[in-house]
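# Breakdown of the fold
Here is what each chain is made of, one letter per residue.
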Amino acid sequence: MKLKIFIASIISVLLNPFLVLTLTLIFGNLTRSDTLFGPALFLLILVVLLPFVIYTYFISRDKKSFFKFHNLTRVRRDLVYLFGIFTSFLTTILFLHLGLVYWFNNSLVLFILGSSMYLINKYLDKISVHSSVLSFCIIYLIDKVSIYLIFLMLLIPLVYWSRRTLHQHTLLQLFMGTIVGLLIGLLTWSF
């Protein structure tokens, strides 16, 4: 039983939304010949890495184990969401002002994703951030890199298993997260 929980924890850490989103933004834009790395780096630092630092701060403050980072209180999770929403809104406005349409679209979609997850968590039910971000990133990579990356969809059942094994989500919460991620990921196909 402990081995099963350990493996589920490892999967949960490896498919951490911050890590998955970081890798997606990097690999999804390496293939673009017109990619400007300044805006990409700015988006990555402000929208993904700074919320991760705040998240890590809350974990260390609560003296949680690295493998138990998912046990943050709702208030602290909301603060991380709101910070991510705020930073993605700022980057959206900045990229719009600078006329960087592609990066404006990227930051706008991240703003919509974060806002949707926050609102669903706040007013409907707890949603799986792992399944939401993973499904969003898979759709993003399929569009930006190659249709052959559809095999990454096999990671979604793995996330379901790990989050259920760790007793973090119900199937409905995981399914809602996947649907939100897929729908918002489809928005990326328009730019």
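## Concerning the environment of Ile 10
With respect to the secondary-structure elements, Ile 10 resides in helix α1 (residues 2-14). Of the residues examined, Ile 10 reaches a relative accessible area of 29% and is grouped as partly exposed. The sequence separation of Ile 10 and Ser 162 amounts to 152 residues, and the corresponding C-alpha distance is 8.7 Å.

## What about unusual backbone geometry?
Phi is positive for His 167, close to 60 degrees, though the residue is something other than glycine. Classification of His 167 by relative accessible area gives exposed; the value is 69%.

## A look at the environment of His 97
Secondary-structure assignment places His 97 in helix α4 (residues 74-98). With relative accessibility at 67%, the residue His 97 sits in the exposed group. Between the C-alpha atoms of His 97 and Met 176, which are 79 residues apart in sequence, the distance is 34 Å.

## Overview of the pattern of salt bridges
Once the charged atoms of two side chains with opposite charge are near each other, the side chains can pair. Taken as a whole and assessed by the stated rule, the structure comprises 2 salt bridges. Of the charged contacts, one joins Asp 78 and Lys 122 as a salt bridge, the two residues approaching to 3.9 Å between their closest N and O atoms. Here Lys 122 lies in helix α5 (residues 101-123) and Asp 78 lies in helix α4, a separation of 44 residues in the sequence. Given a relative accessible area of 10%, Asp 78 falls into the buried group. The closest approach of N and O atoms between Lys 144 and Asp 143, which form a salt bridge, is 3.0 Å. Residue Lys 144 is classed as buried on the basis of its relative accessible area, which comes to 12%. By relative accessible area, Asp 143 is classed as partly exposed at 28%.

## What to know about the side chain of Ser 162
Counting through the fold element by element, Ser 162 comes out in helix α7 (residues 155-165). The exposure class of Ser 162 is buried, given its relative accessible area of 1%.

## As for the packing of helix α3 (residues 37-61) against α5
Look at α3 against α5: their axes get within 11 Å of each other, and the N-to-C directions meet at 15 degrees. In terms of orientation, α3 and α5 fall into the roughly parallel class. Classified by chirality, the crossing of α5 by α3 is right-handed. Residue-level inspection shows Pro 39, Ala 40, Leu 43 and Val 47 of α3 in contact with α5, the latter providing Trp 103, Asn 106, Ser 107 and Leu 110.

## Some remarks on a nonpolar patch on the surface
A cluster of nonpolar side chains, namely Leu 19, Leu 23, Ile 26, Phe 27, Leu 30 and Phe 37, defines an oily patch on the protein surface of about 550 Å² accessible area. No other element matches the 5 residues that helix α2 (residues 17-30) contributes to the nonpolar patch. Within the secondary structure, Leu 19 sits in helix α2.

Quick notes on the rules
Residues numbered from 1 in each chain as written. Predicted model: local features only at pLDDT ≥ 70, side-chain atom pairs only at ≥ 80, totals over all residues. Heavy atoms only, no water. Helix = DSSP H or I, 4+ residues; strand = E, 2+ residues; numbered from the N terminus. Buried < 20%, exposed > 50% of the residue type's maximum accessible area, 1.4 Å probe, protein only. Salt bridge = Lys/Arg side-chain N within 4 Å of Asp/Glu carboxyl O. Axes fitted to C-alpha atoms, helices over the stretch in contact; angles between N-to-C directions. Parallel < 35°, antiparallel > 145°, perpendicular 65-115°, else oblique. Left-handed = near helix turned anticlockwise from the far one by under 90°. Contact = heavy atoms within 4.5 Å. Patch = residues over 30% accessible without salt bridge, like charges linked within 9 Å, V, L, I, M, F, W, Y side chains within 5 Å. Areas by Shrake-Rupley, 256 points an atom, 1.4 Å probe, with all protein chains shown as cover.

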